[in-house]
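# Coordinate analysis (summary)
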Amino acid sequence: QVQLVESGGGLVQLGGSLRLSCAVSGSIFSTYNMGWYRQAPGKQRELVATISSSGSTNYADSVKGRFTISRDNAKRTVYLQMNSLKPEDTAVYYCNVRGVWSWEPQYWGQGTQVTVSS
């Protein structure tokens, strides 16, 4: 089975940095897109950043200039470097992987907590 294992979450002060990692194991698509989503208490899950199989990236407006998504295909790992963290970044962050074709499924990580104190 496909599994996504996340790490790197924790508690940081305002203005601090964290680096999230998500490693994919098991049988996966030959080409795939990856991304990070987050969900704060009482709010819907929202897209944070994505990176395509070709390396194209996009970010939510709220994190542009502060977060950077990257991938290491050899390690089958996606990263999210988070700088200049704000309290509003506090949420559970979820890793996502999906194939490039519309009929292919999505896979989700278990989530990792990020808490930013003021």
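Definitions and cut-offs
- Residues numbered from 1 in each chain as written.
- Predicted model: local features only at pLDDT ≥ 70, side-chain atom pairs only at ≥ 80, totals over all residues.
- Heavy atoms only, no water.
- Pairing = 2+ DSSP bridges.
- Helix = DSSP H or I, 4+ residues; strand = E, 2+ residues; numbered from the N terminus.
- Axes fitted to C-alpha atoms, helices over the stretch in contact; angles between N-to-C directions.
- Phe/Tyr/Trp six-rings, centres within 6.5 Å; stacked < 30°, edge-to-face > 60°.
- Buried < 20%, exposed > 50% of the residue type's maximum accessible area, 1.4 Å probe, protein only.
- Lys NZ or Arg CZ within 6 Å of the ring centre and 35° of its normal.

In this section: the sheet that holds strand β7 (residues 67-72). In space, the four strands of this open sheet follow the order β1-β3-β8-β7, with antiparallel pairing throughout. Looking at the sheet topology across the chains shown, the edges are occupied by β1 (3-7) and β7. Shown here is a sheet whose adjacent strand axes are inclined to one another by a mean of 15°, direction ignored. In this sheet, strand β8 (residues 77-82) lies alongside strand β3 (residues 18-25) in antiparallel orientation, the contact comprising six bridges. In the strand pairing of β8, S21 is matched with Y79.

Turning our eyes to something else, we now look at the packing of aromatic side chains. One pass over the structure, following the stated rule, counts two aromatic pairs. Taken together, a centroid distance of 5.1 Å and an interplanar angle of 65° make the contact between Y37 and W108 edge-to-face. Of this pair, Y37 sits in strand β4 (residues 32-39) while W108 sits in strand β10 (residues 106-108), and the two are 71 residues apart along the sequence. Geometrically, the ring pair formed by W101 and W103 is stacked, given 5.4 Å between the ring centres and 5° between the ring planes. Accessibility expressed as a relative area gives 67% for W103, which makes it exposed. Across from the ring centre of W108, 4.7 Å away, lies the NZ or CZ of R45, which sits over that ring.

Read these as spatial facts, not as claims about activity.
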